[in-house]
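Below are the chains, spelled out letter by letter.
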Amino acid sequence: MKTLVTGGAGFVGSHLVEHLLAAGDEVTVLDDLSTGSIRNLLGLQSHPRLNIVFGSILRPRSVREAIAGCDRVFHLAAVVGVKLIVEQPLRGLRVNLHGTENVLDAAVGVGASVLLVSTSEIYGKNTADSLHEESDRILGSPLASRWTYAAAKGLDESFARAYVDEFGLDVSIVRLFNTVGPRQTGRYGMVVPNLVGQAVRGVPLTVFGDGTQSRCFSYVGDVVPAMVQLAEHEHESGQAFNLGGAHEVSIVDLAERIVARLDSQSAIEFIPYDVAYSPGFEDMRRRVPDNTKARLAVGYHPATSLNEIIDLVAAGIQKSGTRPDDLMSIVGATTTADL
Ligand code: UDP
């Protein structure tokens, strides 16, 4: 099997590349290293079945060249992270909309199947007990940059669906719910690497708002095999599948658990949303997945516990050395390309 992974130097992408290589695939990575890092592929760069192409999905020619000869594409390249989206909404809209269209178009051109990686953000402010694939989306104003990520990713799914209907493209969609694990950077705001990094460094853990907002964290090592199984599973083209964690935790409980688990001396500091992000910022209060569809299709089971996840993320940070520039601080978070 010859597979293109867009965004293969990113956090989830690099774990996926490892998995595909171990399964015997020939893998091409297309990445512009804007939020990903070549460090994520260290140790793999001389693998005989890995071809790394530096280029942007915004350039149709780069996508067409990278996909040539591929049987399938896992499309992960995207501008991600709430902080980055709030700071650079135009970049997010362009990459997440135009880039995805380029990938779908190129896949039609070579007859490749597509696994489109989408996000639980598309459900927006729906705080239902568990969000299933047909749940309603509740989004705020299109004029608030915070909602542009959910809007663009939702349209990506609609694009994919239209390519199924009009070109017969073979597409599966996965919606990831707060996937975490080693190599995820805190630079763009993601809470687990950020808080674990702060605990390891012994500086205050930054909890935004009052900390009662909740999430269900899933481990990248549980999610990646399910993504591949879903790409290979026989189902009607254009279907979406949630892939999330099993246990809901509030952010303040997460912070307390991280401090206790890592035996850290760090305090917990509450930061108002308008300081952490921007004035008028609206957070998702709650996000709980219903994973039934993926469980019935491919036996998806998010087995790794939150304690294990904390240990694995802390070990990853300790192994790579604590790099303060990787750990978003409230003031002066860097969002520059990592070339
Ligand atoms: N968050 C926090 N401290 C941080 C980073 C994030 O309290 O240092 C909060 C954030 O406001 C949100 C939750 O943690 O309520 C999850 O944030 P993340 O960006 O990881 O994921 P998402 O908001 O996309 O679910």
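Residues numbered from 1 in each chain as written. Predicted model: local features only at pLDDT ≥ 70, side-chain atom pairs only at ≥ 80, totals over all residues. Heavy atoms only, no water.

Caption draft 1: Looking closely at helix α6 (residues 191-201). A large share of α6 lies buried, amounting to eight of its 11 residues. Those residues of α6 that sit buried are V192, P193, N194, L195, V196, G197, Q198 and A199. Buried residues along α6 sit in contact with β7 (179-180), β8 (205-208), α8 (251-261) and α11 (306-320). Directly after α6, the chain includes G202, whose backbone phi takes a positive value near 75 degrees. (Buried < 20%, exposed > 50% of the residue type's maximum accessible area, 1.4 Å probe, protein only. Helix = DSSP H or I, 4+ residues; strand = E, 2+ residues; numbered from the N terminus. Contact = heavy atoms within 4.5 Å.)

Caption draft 2: How the structure looks around the nonpolar core. Counting residues in hydrophobic clusters, the biggest one holds 53 residues, and the most contacted among them are L16, V17, M227, L243 and L254. The element best represented in this core is helix α7 (residues 220-232), accounting for seven residues. One finds I57, A107, Y149 and V164 within the second-largest nonpolar core, a separate group that totals 29 residues. (Core = buried A, V, L, I, M, F, W, Y, C linked by side-chain atoms within 4.5 Å.)

Caption draft 3: Representation of the site of the ligand. Around the ligand, the structure places 17 residues, and the nearest of them are N194, T206, R215, D283 and R287. Contact between the ligand and R215: an oxygen atom at 2.6 Å from a side-chain N or O atom of the residue. Contact distances for the ligand include 2.5 Å between an oxygen atom and a side-chain N or O atom of D283. Within the complex, the protein chains bury 95% of what would otherwise be the 520 Å² of accessible surface of the ligand. Elements with a minimum of two residues in the shell around the ligand: α6 and β8. Per element, the largest residue contribution to the shell around the ligand is three residues, and it comes from β8. Tallied by class, the residues present in the shell around the ligand amount to eight nonpolar, five polar and four charged. (Near = heavy atom within 4 Å. Polar contact = N/O pair within 3.5 Å; in protein donor to acceptor, adjacent residues only side chain to side chain. Areas by Shrake-Rupley, 256 points an atom, 1.4 Å probe, with all protein chains shown as cover. Nonpolar A, V, L, I, M, F, W, Y, C, P; charged D, E, K, R; others polar.)

Caption draft 4: Up close: the packing of aromatic side chains. Scanning the entire structure with this criterion turns up six aromatic pairs. With 5.3 Å between their ring centres and 80 degrees between their planes, F208 and Y277 make a pair best called edge-to-face. Placement of the pair is F208 in strand β8 and Y277 in the loop between α9 (273-276) and α10 (292-298), with a sequence separation of 69 residues. In this structure, F208 and Y277 share a single accessibility class: buried. Taken together, a centroid distance of 3.9 Å and an interplanar angle of 20 degrees make the contact between Y277 and F281 stacked. Each of the two residues, Y277 as well as F281, counts as buried. An aromatic cluster of three or more residues is present, and its members are F208, Y273, Y277 and F281. The ring of W147 has R146 lying over it, and the distance from NZ or CZ to the ring centre is 5.0 Å. Above the face of the F241 ring, K293 is positioned so that its terminal group lies 4.8 Å from the ring centre. (Phe/Tyr/Trp six-rings, centres within 6.5 Å; stacked < 30°, edge-to-face > 60°. Lys NZ or Arg CZ within 6 Å of the ring centre and 35° of its normal.)

Caption draft 5: Fine view of unusual backbone geometry. A positive phi angle is found at L33, which is not glycine, with a value near 55 degrees. You can see L33 is positioned in the loop between β2 (26-31) and β3 (50-54). Located in the positive-phi region is N178, a residue other than glycine, with phi close to 45 degrees. Mapped onto the elements of the fold, N178 is located in the loop between β6 (171-176) and β7.

Caption draft 6: How the structure looks around empty space enclosed by the protein. Taken as a whole and assessed by the stated rule, the structure comprises one cavity of 30 Å³ or more. When its volume is computed, the largest cavity comes out at roughly 50 Å³. If you go around the largest cavity, the residues you meet are R72, V73, F74, S113, V114, L115, D170, S172 and A231. For the lining of the largest cavity, the secondary structure elements donating two or more residues are β4 (72-75) and β5 (113-119). (1 Å grid on protein atoms, 1.4 Å probe; cavity = no way out; pocket = protein on both sides within 12 Å on 5 of 7 lines; lining within 4 Å. Points joined across faces, edges and corners; volume = space filled by probe spheres on them.)

Caption draft 7: Region of the structure containing the environment of N51. In this fold, N51 is placed in strand β3. On the accessibility criterion, N51 (40% relative accessible area) is partly exposed. Leave out the neighbours within four places in its chain, and N51 touches V27, T28 and V29.

Caption draft 8: Fine view of the packing of α8 against α11. Interhelical geometry of α8 versus α11 gives an angle of 60 degrees and a closest axis separation of 10 Å. When the axis of α8 is compared with that of α11, the two are oblique. Judged by the twist between their axes, the crossing of α8 over α11 is right-handed. Note on element contacts: α11 touches α8 through L306, N307, I310 and D311, opposite L254, R257, I258 and R261. Of the residues that constitute the contact of α8 with α11, the class distribution is four nonpolar, one polar and three charged. (Axes fitted to C-alpha atoms, helices over the stretch in contact; angles between N-to-C directions. Parallel < 35°, antiparallel > 145°, perpendicular 65-115°, else oblique. Left-handed = near helix turned anticlockwise from the far one by under 90°.)

These figures come from the coordinates and say nothing about function on their own.
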